[in-house]
Amino acid sequence: MANSFSLVSITSHAMILLLLIHFSSLFNNLSAKHNNNNHHSHNHHASARSHRPADSNPRLHQAFIALQAWKAAIQSDPNNFTTNWVGPSVCNYTGVYCAPSIHDNKTQVVAGIDLNHADIAGSLPDELGLLSDLALIHLNSNRFCGVLPSTLSNLSLLYELDISNNRFVGPFPAIVISLPMLNFLDIRFNDFEGSVPPQLFAKKLDAVFLNNNRFTSFSIPSFISGSSATVLVFANNNYGGCLPPSIVNFANTLEELVLINTNLSGCLPEEVGFLYKLKVFDVSYNKIVGPIPYSMAGLYHLEQLNLGHNMMTGEVPDGICMLPNLLNLTVSYNFFCEEDGVCRNLTSKKGVKFDDRRNCLPERRLQRSEKECKAALDRPVECILGGAAVAAAAVARAVALPNSPSLAPTPT
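Residues numbered from 1 in each chain as written. Predicted model: local features only at pLDDT ≥ 70, side-chain atom pairs only at ≥ 80, totals over all residues. Heavy atoms only, no water.

Read across the sheet, 4 strands follow the order 15-17-19-21 without closing on themselves; strand pairing throughout is parallel. In the strand order of this sheet, the two ends are held by strand 15 (265–267) and strand 21 (335–339), each with one partner. Adjacent strand axes in the sheet meet at a mean angle of 25° when their direction is disregarded. As judged from the 3 bridges shared by strand 15 and strand 17 (residues 287–290), these two strands associate in the parallel manner. Bridge pairing in strand 17 places S265 opposite K287. (Pairing = 2+ DSSP bridges. Helix = DSSP H or I, 4+ residues; strand = E, 2+ residues; numbered from the N terminus. Axes fitted to C-alpha atoms, helices over the stretch in contact; angles between N-to-C directions.)

Here it is, written out as structure tokens:
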């Protein structure tokens, strides 16, 4: 599967931008929303360099201690990113960026660290907690391992944390919950495991990428009065259970929800149709049953809808196919038995990419066998049942149905 799931334009944070912004604004003018596989320059803007000796600047002296401890914890640096991490002039280190302190604009502090795509192997030492002025940590695509040090909870100004594509382990990093300014979280493609704490969804985060870990459960608490998240990508974990109705708590902001291959079961709740800003909804490669909620016909901004490789039944409703911004609709590898109205000729009428293979649609090519379709019709699922009952019915049905989606090709 591709490393990126996001349709929203993901722009690169130029570290130079951070250095030219006075911290007292608390980053209100930061222009980039997301950072996926960033490529930053390793050259520093001259105005961002500190001309003040580290020994006369306690903040830079603390940074010197932290960065030297980190260098000692690095086992391999094939691209020589940290070769010049020598001496007290930390603002000249490759990947280290300085800016004026929010408390004193005449005092330089280490404001950002960008080691994206450095291929560095090592661990993160406790001393990183000394970098209390950090706003950005970008460690995408390295070989850092172990657990995140608890001292990172000292980074009260941290705005973006990207540790994706590494080898971190352990439970969900609890320090994330304690970071008051955190806006962007990317921990995908690691080996974190266990449950995702519900407190995460109460934070004012813009984008959350948890995909490709070993998480086994998550819950969206009903007490959330509203969320600021625009992007939630949870794909390729093993959450199980149903998509909860409390997903409606994200209605005012959420634009992308990606739950590919997360072992979801049960029916899609009607509340999905209340996510009125949604542009991308992908729940493919799961065990979802029942019909497409009629409420989804109200998702006027929806561009990509992927329900493929589930066990859904009923019709593909006309309201879905008539969504004005729809570009890609995938319902393949389910048990739909009817396409309503414009859905019967969607591609030619609207130019939408439409995949309805391996269903039970009369007179359509590449459909399931009569035997498979009869097995599905003989075991109808009532979505008015409680979530647990529907999920149990879905499991029983998966066992009973020949060539169930669990035996279909896995996502690549």
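Back to the text.
For E372, the position within the fold is in helix 5 (residues 370–377). Take E372: its relative accessible area is 9%, and that puts it in the buried class. (Buried < 20%, exposed > 50% of the residue type's maximum accessible area, 1.4 Å probe, protein only.)

Another aspect to go through is the packing of aromatic side chains. Evaluated as defined, the whole model comprises 12 aromatic pairs. When the ring of F201 is compared with that of F234, the centres are 5.9 Å apart and the planes differ by 65°; the resulting orientation is edge-to-face. Of this pair, F201 sits in the loop between strand 10 (191–196) and strand 11 (207–209) while F234 is found in the loop between strand 13 (231–233) and strand 14 (256–258), placing the two residues 33 residues apart along the sequence. Accessibility expressed as a relative area gives 1% for F234, which makes it buried. Each ring, one from F234 and one from Y239, has its centre 6.1 Å from the other, and the planes form 70°; the classification is edge-to-face. Taking relative accessible area as the criterion, Y239 reaches 6% and is therefore assigned buried. Among the aromatic side chains, those forming a connected cluster through ring pairs are F201, F218, F234, Y239 and F250. The aromatic ring of F209 is capped on one face by R188, whose charged end is 4.2 Å from the ring centroid. Over the aromatic face of F335 sits the side chain of R368, whose NZ or CZ is 4.1 Å from the ring centroid. (Phe/Tyr/Trp six-rings, centres within 6.5 Å; stacked < 30°, edge-to-face > 60°. Lys NZ or Arg CZ within 6 Å of the ring centre and 35° of its normal.)

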